[in-house]
Amino acid sequence: MSEGTKKTILTCAQPTGQLHLGNYFGAVRNWVSFLDDHECFFGIVDQHAITTPYVPAELRRSTYRTVALYIACGLDPAKCRLFAQSHVIGHTELAWILGCLCPLGQLERMTQFKEKSQREDAGFVGSGLLFYPVLMAADILLYNADIVPVGEDQKQHIELCRDLAIRFNNTYSETFKVPDVSIPRDGARIRSLQSPDKKMSKSDPNQSGCVYLLDPPDRVRKKIMSAVTDSGREIRALPEKPGIANLLGILAAATGTPVAELEAAHAGKSYGEFKAVVADAVIACLEPIQKRFSEIDGDKAYLDSVFKEGADTAQARAYKTLAKVYRKAGFVPRPR
Ligand code: TYM
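The structure presented is a predicted model; accordingly, all values stated were derived computationally and were not measured.

### Overview of the site of the ligand
Working step 1: The local shell around the ligand holds 26 residues, among which Gln 14, Tyr 132, Asp 139, Gly 151 and Asp 153 are the closest.
Working step 2: The separation between an oxygen atom of the ligand and a polar side-chain atom of Asp 153 is 2.5 Å.
Working step 3: Between the ligand and Gln 154 there is a distance of 3.0 Å, counted from a nitrogen atom to a side-chain nitrogen or oxygen.
Working step 4: For the ligand, the protein covers 95% of the area, taking 720 Å² as the surface of the free molecule.
Working step 5: When residues of the shell around the ligand are traced back to their parent elements, those giving at least two are β1 (7-13), α1 (21-32) and α7 (127-141).
Working step 6: Considered class by class, the residues forming the shell around the ligand number 12 nonpolar, 10 polar and 4 charged.

Below, the structure is given as structure tokens:
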């Protein structure tokens, strides 16, 4: 397929500097599968990262670590655009325009906003947190993305993006494609090993529930061996067995084997034996990522060159969209 006819993939992640199994199986690994026959843009959303309290020096460091991790996970900069959101003019500009079309109530009803703003340790809740999904819609529409690959937790945000694209098109005339969401079959919702009713998350207060891609093998094994299960013996992915179902999901994602086959293959094993299998599979999956990461992490010149190339291409595309949007919105053209 030639450049112009390829479909556009756009997705982003926050610069936590610490991707976990949920980010990998639910997102990044799925992104790699698009590289060869799509035009791919992968953003590191540093402007989203400041919607909750943060430390600037850590954000800077985490942004570099995150791009290094992306590359280590297989996002080859020769095949895609890796960019930092703040390097591209247009994300916040488009967000403003979309925000003027977005009903306040729809933002107040967003699950992630409610969860984050109502947490006991939420502290200061800025209006950026409420506006977050509008900025996310702008990230997507700025590139006129056809497909947005994400984990299940982002589905509601993508729905809002689709609504805003339609509302803009209806208000001003056809401008944006209404993007489709792509959610992986396995790994779409990896849960905390300690609280399998919650998604695996960096903000989990119990960190032993979260396996990071850079965790050394002994730590990965320890976390998986101490995963919460139940008092039964059956290795089945049943709703009343969320812990075992989660481990089966992780094993399915790590090995590419469907859950039903895994249930049959491990029937009769003890939970301890089964967990050891899961630990081995995850460690094997992480080994090449950790090796590649150690080669490029700290090579600031290389990572800066990746950011520059990504930003240059992303910016060219962003300016085109923004010019069109400004014209449709009735803004006077900028005098040259
Ligand atoms: P973020 O940074 O929280 O997560 C990055 C990606 O990882 C997926 N993910 C998971 N998948 C399965 N199981 C889990 N436990 C799990 N945790 C995270 C997420 O679904 C996501 O795909 N708001 C977004 C970032 C964003 C964005 C965008 C995404 C900003 N603008 C535009 C797509 C398009 C976020 O915070 O993802």
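### Examining unusual backbone geometry
Working step 1: With a phi angle near 50°, Asn 144 is a residue other than glycine that sits in the positive phi range.
Working step 2: Residue placement: Asn 144 occurs in the loop between α7 and β4 (147-149).
Working step 3: The backbone of Ser 173 sits at a positive phi, close to 110°, despite the residue not being glycine.

### Brief notes about the nonpolar core
Working step 1: In terms of nonpolar packing, the biggest core is built from 61 residues, with Leu 21, Phe 25, Phe 42, Tyr 70, Leu 75, Leu 82 and Ile 224 touching the most fellow members.
Working step 2: By residue number, the principal contributor to this core is helix α12 (residues 271-296), which donates 12 residues.
Working step 3: Residues lining this core come from more than one domain, with at least three contributed by each of domain 1 (3-187 + 299-329) and domain 2 (191-294).
Working step 4: In contact with Phe 42, not counting residues within four places along its chain, are Ile 9, Thr 11, Trp 31, Leu 35, Tyr 70, Leu 75, Cys 80, Arg 81, Leu 82 and Phe 83.
Working step 5: Core analysis: the next-biggest nonpolar cluster, separate from the first, contains 39 residues, Phe 41, Leu 135, Ala 137 and Ile 158 among them.

### With respect to helix α3 (residues 56-72)
Working step 1: Taking 1.5 Å of rise per residue, 17 residues should cover 24 Å, and α3 covers 24 Å from first to last C-alpha, within 8% of that figure.
Working step 2: Listing the buried residues of α3 in full gives Leu 59, Ser 62, Thr 63, Arg 65, Thr 66, Val 67, Ala 68, Leu 69, Tyr 70, Ile 71 and Ala 72.
Working step 3: Remark: Gly 74 follows α3 within two positions and exhibits a positive phi of approximately 115°.

### Focus: the domain arrangement of the protein chain
The figure often quoted for interface size is the accessible area lost as the parts come together.
Working step 1: For the protein chain, the assigned domains are domain 1 (3-187 + 299-329) and domain 2 (191-294).
Working step 2: Between the C-alpha centres of domain 1 and domain 2 the distance comes to 28 Å.
Working step 3: In this assembly, 21 residues from domain 1 lie in contact with 20 residues from domain 2.
Working step 4: Taking both sides of the interface into account, the surface hidden between domain 1 and domain 2 amounts to around 1900 Å²; carbon and sulfur atoms contribute 69%.
Working step 5: Counting the surface domain 1 buries against domain 2, the share from its top three residues, His 20, Leu 21 and Ala 72, is 30%.

### Focus on the packing of aromatic side chains
Working step 1: In total, this model carries 9 aromatic pairs according to the counting rule given.
Working step 2: Geometrically, the ring pair formed by Phe 83 and Tyr 143 is tilted, given 5.5 Å between the ring centres and 40° between the ring planes. Note that Phe 83 is positioned in strand β3 (residues 81-84) and Tyr 143 in the loop between α7 and β4, a separation of 60 residues in sequence.
Working step 3: Tyr 143 sits in the buried class, given a relative accessible area of 0%.
Working step 4: With 5.0 Å between their ring centres and 70° between their planes, Tyr 326 and Phe 331 make a pair best called edge-to-face.

What counts and how
Residues numbered from 1 in each chain as written. Predicted model: local features only at pLDDT ≥ 70, side-chain atom pairs only at ≥ 80, totals over all residues. Heavy atoms only, no water. Near = heavy atom within 4 Å. Polar contact = N/O pair within 3.5 Å; in protein donor to acceptor, adjacent residues only side chain to side chain. Areas by Shrake-Rupley, 256 points an atom, 1.4 Å probe, with all protein chains shown as cover. Helix = DSSP H or I, 4+ residues; strand = E, 2+ residues; numbered from the N terminus. Nonpolar A, V, L, I, M, F, W, Y, C, P; charged D, E, K, R; others polar. Core = buried A, V, L, I, M, F, W, Y, C linked by side-chain atoms within 4.5 Å. Buried < 20%, exposed > 50% of the residue type's maximum accessible area, 1.4 Å probe, protein only. Domains from an automatic or database assignment. Contact = heavy atoms within 4.5 Å. Expected span 1.5 Å × (residues − 1). Buried area = accessible area lost by both parts, 1.4 Å probe. Phe/Tyr/Trp six-rings, centres within 6.5 Å; stacked < 30°, edge-to-face > 60°.

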